[in-house]
Amino acid sequence: MQLIDTHVHINFDSFDADLEAVRDRWREQGVVQLVHSCVTPAEFTKTQKLADLLPELFFSVGLHPLDAKLWEADLGDQIRALASSDKRVVAIGEMGLDFFKADNHEWQIEVFRSQLQIAKQLDLPVIIHCRDAAVMMRQVCQQFWSEFGQVRGVMHCWSGTPEETQWFLDLGFSISFSGVVTFKNATQIQASAQIVPTDKLLIETDCPFLAPVPKRGKRNEPAFVSHVASYLAQLRGENLDTLADFTTANARELFKLPILSTI
């Protein structure tokens, strides 16, 4: 069984002491590729160095909405240049809207649109963070699609209602579920996971955050994506190997990931 963890943050200090052991565990669990999501430009260089060490690691470059204050025109140029020059960059992001923790809504929207424009120009998918902002996210995307054409991408660590899920499926997005879907009270997310078509479903850990049951409360790591896959297979009434196959194929298609020889 092969799995792809489509959203990790292994540059965090919590992985510095035992990254090799963490790597060994994800390989033992059949995780063959990972997409590391950068949230600020300060992470770009370290992430490139991690990708030098880990052939299965690919990454995105972008600016998280909670860091929108850092946006300047030259940052857009930096993102564009790195995405154009390093073949391991497979997406723009993590980007989007977060109205839960910040009230600079208009500025977030402008930064989001700027990064959508880069993704469109480079024909790269986007990794979208959306928290308490689904209505505005839908509006911004609909307007951008109307002006410039569709951008492909994924709603990561999705926590929306089934109705909101359908909005973003209709816009062409993939939907990725993290360990949150395994939480006892996550009934809304579980209902959403049941309506996502097989060709639009992705899995992730968002590590080191949000470890799934039965690892909840511990530092999350890519090996734990196997628990997300297992839970989703049971929830959706699907065979685990089948779910692993189609989520892996979906990730490779969205991010244009190569099929690697055995590591």
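The structure under discussion appears in the preceding block.
Cut-offs and rules
Residues numbered from 1 in each chain as written. Predicted model: local features only at pLDDT ≥ 70, side-chain atom pairs only at ≥ 80, totals over all residues. Heavy atoms only, no water. Core = buried A, V, L, I, M, F, W, Y, C linked by side-chain atoms within 4.5 Å. Buried < 20%, exposed > 50% of the residue type's maximum accessible area, 1.4 Å probe, protein only. Contact = heavy atoms within 4.5 Å. Salt bridge = Lys/Arg side-chain N within 4 Å of Asp/Glu carboxyl O. Helix = DSSP H or I, 4+ residues; strand = E, 2+ residues; numbered from the N terminus. Axes fitted to C-alpha atoms, helices over the stretch in contact; angles between N-to-C directions. Parallel < 35°, antiparallel > 145°, perpendicular 65-115°, else oblique. Left-handed = near helix turned anticlockwise from the far one by under 90°. Nonpolar A, V, L, I, M, F, W, Y, C, P; charged D, E, K, R; others polar. Phe/Tyr/Trp six-rings, centres within 6.5 Å; stacked < 30°, edge-to-face > 60°.

What about the nonpolar core?
Inside soluble globular proteins, nonpolar side chains tend to come together where they are buried. Ranked by size, the top nonpolar core spans 77 residues in total, and within it Ile 10, Ile 92, Phe 168 and Phe 177 carry the most contacts. In this structure Phe 177 touches Trp 158, Ile 189, Ser 192, Ala 193, Val 196, Leu 201, Leu 202, Ile 203, Glu 204, Val 228 and Leu 232, once residues within four positions along its chain are discounted. Counting residues in each nonpolar core, the second largest holds twelve residues, with Ile 4, Phe 58, Val 154 and Ala 251 among its members.

A few points about the pattern of salt bridges
Counted by the stated rule, this structure contains 14 salt bridges. With its nearest N and O atoms 3.5 Å apart, the salt bridge here joins Lys 46 to Asp 16. Here Lys 46 is found in helix 2 (residues 44-53), whereas its partner Asp 16 is found in the loop between strand 1 (3-8) and helix 1 (19-28), with 30 residues between them in sequence. Judged by its relative accessible area of 32%, Lys 46 falls in the partly exposed class. Across the salt bridge formed by Asp 24 and Arg 23, the nearest N and O atoms sit 3.0 Å from each other.

Concerning the packing of helix 3 (residues 73-85) against helix 4 (residues 105-122)
Where helix 3 contacts helix 4, the two axes come as close as 10 Å, and the packing angle between them is 30°. Taken together, helix 3 and helix 4 sit at an angle that is classed as roughly parallel. Seen along the crossing, helix 3 lies across helix 4 with a hand that is right-handed. When helix 3 is examined against helix 4, the residues Gly 76, Ile 79, Arg 80, Ala 83 and Ser 84 are found in contact with a partner set consisting of Gln 115, Ile 118, Gln 121 and Leu 122.

Topic: the packing of helix 4 against helix 5 (residues 134-148)
Put simply, helix 4 and helix 5 touch, their axes get as near as 11 Å, and they point 40° apart. One finds that helix 4 runs oblique with respect to helix 5. Handedness of the helix 4/helix 5 crossing: right-handed. On helix 5, the residues that touch Ile 109, Phe 112, Arg 113, Leu 116, Gln 117 and Lys 120 of helix 4 are Met 136, Met 137, Val 140, Cys 141, Gln 143, Phe 144, Trp 145, Glu 147 and Phe 148. Of the residues contributing to the contact of helix 4 with helix 5, the split by class is ten nonpolar, two polar and three charged.

Some remarks on the packing of aromatic side chains
The tally for this structure, following the rule as stated, stands at seven aromatic pairs. With 6.5 Å between their ring centres and 65° between their planes, Trp 167 and Phe 168 make a pair best called edge-to-face. Exposure remark for Trp 167: the relative accessible area of 15% places this residue in the buried category. For Phe 168, a relative accessible area of 0% gives the class buried. Taking 6.3 Å as the distance between ring centres and 55° as the angle between the ring planes, the aromatic pair formed by Phe 168 and Phe 173 counts as tilted. Take Phe 168 and Phe 173: they sit in the same class, and that class is buried. Through successive ring pairs, a cluster of aromatic residues spans Phe 144, Trp 145, Phe 148, Trp 158, Trp 167, Phe 168 and Phe 173.

Brief notes about the environment of Ile 79
Looking at the element boundaries, Ile 79 is found in helix 3. A relative accessible area of 0% places Ile 79 in the buried class. Considering only alpha carbons, one finds Ile 79 and Leu 66, 13 residues apart in sequence, at a separation of 17 Å. Non-local contacts of Ile 79, meaning those with residues more than four positions away in its chain, are made with Phe 44, Val 61, Gly 62, Leu 63, Trp 71, Ile 92, Gln 115 and Ile 118.

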